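Per-entry structural report
For reference, the chains in residue letters:
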Amino acid sequence: MSVEIKEYLAKGAVVLDVRTLEEWNEGHTEGAEHIVLTTIPLEIEKIKSWNKPVIAVCRSGARSGQATQFLTKNGVDVINGGPWQNVDEHVG
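Described below are features of the structure shown in this document. Keep in mind that this is a model prediction, so the values were computed, not measured.

Let's shift gears to helix 4 (residues 62–73). The first and last C-alpha atoms of helix 4 sit 17 Å apart over 12 residues, in line with the 16 Å expected at 1.5 Å per residue. Tucked into the core, helix 4 has its buried residues touching strand 1 (14–17), helix 3 (44–49), strand 3 (54–58) and strand 4 (78–83). One or two positions beyond helix 4, positive phi appears at glycine 75, with a value near 85°.

When you line up the elements, threonine 29 lands in the loop between helix 2 (21–26) and strand 2 (33–34). Threonine 29 gets classed as buried once you look at its relative accessible area, which sits at 1%. One polar contact links threonine 29 to aspartate 88, side chain to side chain, over a distance of 3.4 Å. Excluding its chain neighbours within four sequence positions, the residues that come into contact with threonine 29 are Val15, Trp84, Val87, Asp88 and Val91.

Moving on to the pairing of strand 4. In this structure, strand 3 lies alongside strand 4, joined through 5 bridges in parallel fashion. Paired with alanine 56 across the strands is asparagine 80, a residue of strand 4.

Look at asparagine 51: it is not a glycine, yet its phi comes out positive at around 55°. Mapping asparagine 51 onto the fold places it in the loop between helix 3 and strand 3.

Cut-off values and rules
Residues numbered from 1 in each chain as written. Predicted model: local features only at pLDDT ≥ 70, side-chain atom pairs only at ≥ 80, totals over all residues. Heavy atoms only, no water. Helix = DSSP H or I, 4+ residues; strand = E, 2+ residues; numbered from the N terminus. Expected span 1.5 Å × (residues − 1). Contact = heavy atoms within 4.5 Å. Buried < 20%, exposed > 50% of the residue type's maximum accessible area, 1.4 Å probe, protein only. Polar contact = N/O pair within 3.5 Å; in protein donor to acceptor, adjacent residues only side chain to side chain. Pairing = 2+ DSSP bridges.

Right, here's the structure in full:
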């Protein structure tokens, strides 16, 4: 998993945190984008406009897994990074 995260970060991937605002406010990866899982379908054009690979993260990996499935179906180059701390240790 972390090898894939490193590869995606090296390609300039955007970290997409899909947790709730409360969870985000408790801590998140510096420079990450925050779009709550339930609003991702409404934000798909914004996500596509980044024109970059995406690493989806959440608290445990379940919600980011759902986001990854949806984004993949919509043509986004995305991996499930699992818990946000998995990515955080590779950033900065």
